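As a plain string of letters, each chain reads:
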Amino acid sequence: MSSDRATMPVAGPAAREPGAMAAPGEIPLCTPVMHPSAWTYVKECLDTGWVSSVGTFVTRFEQAMAAAVGEGVSGVATTSGTAALHVALQLAGVRRDDEVLVSTLTFIAPANAIRYLGAHPVFVDAEPEYWQMDARAVVRFLREQCDVDGGAVRNRVTGRRVAAIVPVHILGHPVDLDPILEVAREVGLPVVEDATEALGAKYRGQPIGSFGASSCLSFNGNKLLTTGGGGMLLSADPALVGRARHLTTQAKSDPIEFVHDEVGYNYRLSNVLAAIGVSQAEQLTAHLAAKRSIARRYEAGLGDLPGITTMREAPWADSAFWLYTILIDASRFGSSSRDVLRALQAEGIQTRPLWQPMHRSPAHAGEGSFDCPVADALVRDALSLPCSIDLTPAQQDRVIAVLRRLGGASA
Ligand SMILES: *Cc1c(COP(=O)(O)O)cnc(C)c1O
């Protein structure tokens, strides 16, 4: 998942793996782009000694992200997006043996966070149009296969309590949230948005990350904004934010004495990384504009190619186009997505398949799932294309030209 240059292997065969660091002349999949202000802010941390988990940059970064996500929202910076999800789920009331509805087509982090709490993911298929969690499947399950007894939602088949819904907005595009929010209200379930791939996206004009009881962001190396590694929990509920701050700082409850009133976590982001975050946050509009412009150029260059489905944007969505992805229909295009991956690799162009869907993950074998034929088909056909913020039009045209040649179309 990571494309953090600093942690990637150097030249050699490993460097040619999808997601690995690009060799000179190669076109990487999605690499971080730093702005000069990061040097200034990090230097300030080093010069003043404010390097740890308390400092002005932590606060500034939290405020910048909260402002980007919505009015009245506050943020708690964390060491990773996964850490933010772990705490968000705990604060949503997820407990051992509960079930949590989550997208099957996702990076593994939200499924793992559910398991950290001893709870069980129930994997929901994707819809074929925008590749997001199928909202209708969530509604059907909760209305037709669950009972609401004494305020608890219970899965009639397993007898387990259903504790939360985690829509994962993948690849920068929002999940169709209205039906999910409506049924959640109806049965009394909290929604925790995994907004890690969709910072800057909007659903019906409102920023993603502002809809659930809480939401989570990630600042991993290849995300829209990066601190190298980091995350944030966001919520408009001040009590929840206070609890998150407490839990992420080892639940220390006395300003002087080392008294901890519950089992907490060491999950707070350092001021040094937050300083990079503040620099990145200043680039949010520019980074979003770059992603949208890359999406437009791919659409123009590939949209007419037989056997290729380009990334759509729902009428109710403003996509952040975080990771530009196409579907390749092997029978119509003439080669499969994996053949194309290898052919592009031979041309020095890094691409990547989507994640193994969670209902097939060995890490989550035996967990509950609906039938997920759509996610299976999407994963078979999908290929993510180079889309770094600093991808040049010339590089992008090269990717397009190679794809057109492979598809047998005249350039
Ligand atoms: C990146 C990501 C996360 C969080 O990842 P971290 O590396 O822990 O910051 C969570 N969910 C999804 C869908 C992601 O893509």
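The structure this text deals with has already been given above.
Residues numbered from 1 in each chain as written. Predicted model: local features only at pLDDT ≥ 70, side-chain atom pairs only at ≥ 80, totals over all residues. Heavy atoms only, no water.

(A) A look at the sheet that holds strand 1 (residues 74-78). The four strands lie next to each other as 1-11-10-7, forming an open sheet whose pairing is mixed. Looking at which strands have only one partner, the edges of the open sheet turn out to be strand 1 and strand 7 (192-194). Pairs of neighbouring strands in the sheet enclose a mean axial angle of 20 degrees, with direction left out of account. Across five bridges, the pairing between strand 1 and strand 11 (residues 231-235) is antiparallel. Bridging from a neighbouring strand, Thr 78 pairs with Gly 231 of strand 11. Against the sheet, helix 3 (residues 81-91) engages strand 1, strand 7, strand 10 (214-218) and strand 11, with an angle of about 170 degrees to strand 10. (Pairing = 2+ DSSP bridges. Helix = DSSP H or I, 4+ residues; strand = E, 2+ residues; numbered from the N terminus. Axes fitted to C-alpha atoms, helices over the stretch in contact; angles between N-to-C directions. Contact = heavy atoms within 4.5 Å.)

(B) Spatial organisation of the packing of helix 3 against helix 7 (residues 238-248). Between helix 3 and helix 7, the shortest axis-to-axis distance is 10 Å and the interhelical angle comes to 125 degrees. For the element pair helix 3 / helix 7, the angle class is oblique. Crossing of helix 3 against helix 7: the hand is right-handed. Contact residues: Val 87, Gln 90 and Leu 91 in helix 3; Leu 240, Arg 243, Ala 244, Leu 247 and Thr 248 in helix 7. (Parallel < 35°, antiparallel > 145°, perpendicular 65-115°, else oblique. Left-handed = near helix turned anticlockwise from the far one by under 90°.)

(C) Representation of the packing of helix 9 (residues 284-302) against helix 13 (residues 393-406). The interhelical angle for the contact between helix 9 and helix 13, taken along N-to-C directions, is 30 degrees, at an axis separation of 10 Å. Classified by the angle between their axes, helix 9 and helix 13 sit roughly parallel to one another. Both helix 9 and helix 13 take part in a crossing whose hand is right-handed. Contacts between helix 9 and helix 13 involve Ile 294, Arg 297, Tyr 298, Gly 301 and Leu 302 on the former and, on the latter, Pro 393, Gln 396, Asp 397, Val 399, Ile 400, Leu 403 and Arg 404. In terms of residue class, the contact of helix 9 with helix 13 is built from seven nonpolar, two polar and three charged. (Nonpolar A, V, L, I, M, F, W, Y, C, P; charged D, E, K, R; others polar.)

(D) View of the pattern of salt bridges. Tallying each qualifying case throughout the model produces 21 salt bridges. Arg 160 serves as the salt-bridge partner of Glu 99, at 3.5 Å between the closest nitrogen and oxygen. Highlighted residues: Glu 99 in strand 2 (residues 99-103) and Arg 160 in the loop between strand 5 (152-155) and strand 6 (161-166), separated in sequence by 61 residues. In this structure Arg 160 comes out as partly exposed when scored by relative accessible area, which is 30%. Between Asp 397 and Arg 297 there is a salt bridge, and its shortest N-O distance comes to 3.0 Å. With a gap of 100 residues between them, Asp 397 in helix 13 and Arg 297 in helix 9 connect regions that are remote in the sequence. (Salt bridge = Lys/Arg side-chain N within 4 Å of Asp/Glu carboxyl O. Buried < 20%, exposed > 50% of the residue type's maximum accessible area, 1.4 Å probe, protein only.)

(E) Region of interest: the site of the ligand. Surveying the vicinity of the ligand reveals 17 residues, the closest of which are Thr 82, Asp 194, Glu 197, Ser 218 and Lys 223. At 2.4 Å from an oxygen atom of the ligand is found a side-chain nitrogen or oxygen belonging to Thr 82. Thr 196 has a polar side-chain atom sitting 3.1 Å from a nitrogen atom of the ligand. Burial of the ligand by the protein chains amounts to 93% of its free accessible area of 380 Å². Those elements giving two or more residues to the shell around the ligand turn out to be helix 3 and helix 4 (109-116). Per element, the largest residue contribution to the shell around the ligand is three residues, and it comes from helix 3. Across the shell around the ligand, the residue classes break down as six nonpolar, eight polar and three charged. (Near = heavy atom within 4 Å. Polar contact = N/O pair within 3.5 Å; in protein donor to acceptor, adjacent residues only side chain to side chain. Areas by Shrake-Rupley, 256 points an atom, 1.4 Å probe, with all protein chains shown as cover.)

(F) Geometry of the packing of aromatic side chains. For the structure shown, the criterion picks out nine aromatic pairs. Ring geometry for Tyr 203 against Phe 211: centres 5.6 Å apart, planes inclined by 80 degrees, an arrangement best described as edge-to-face. For the pair Tyr 203 and Phe 211, one class covers both residues: buried. Ring geometry for Tyr 203 against Trp 316: centres 5.3 Å apart, planes inclined by 65 degrees, an arrangement best described as edge-to-face. One end of the pair, Tyr 203, is in strand 8 (residues 202-203); the other, Trp 316, is in the loop between strand 12 (308-309) and strand 13 (317-318), with 113 residues separating them in the sequence. Overall, the relative accessible area of 1% leaves Tyr 203 in the buried class. (Phe/Tyr/Trp six-rings, centres within 6.5 Å; stacked < 30°, edge-to-face > 60°.)

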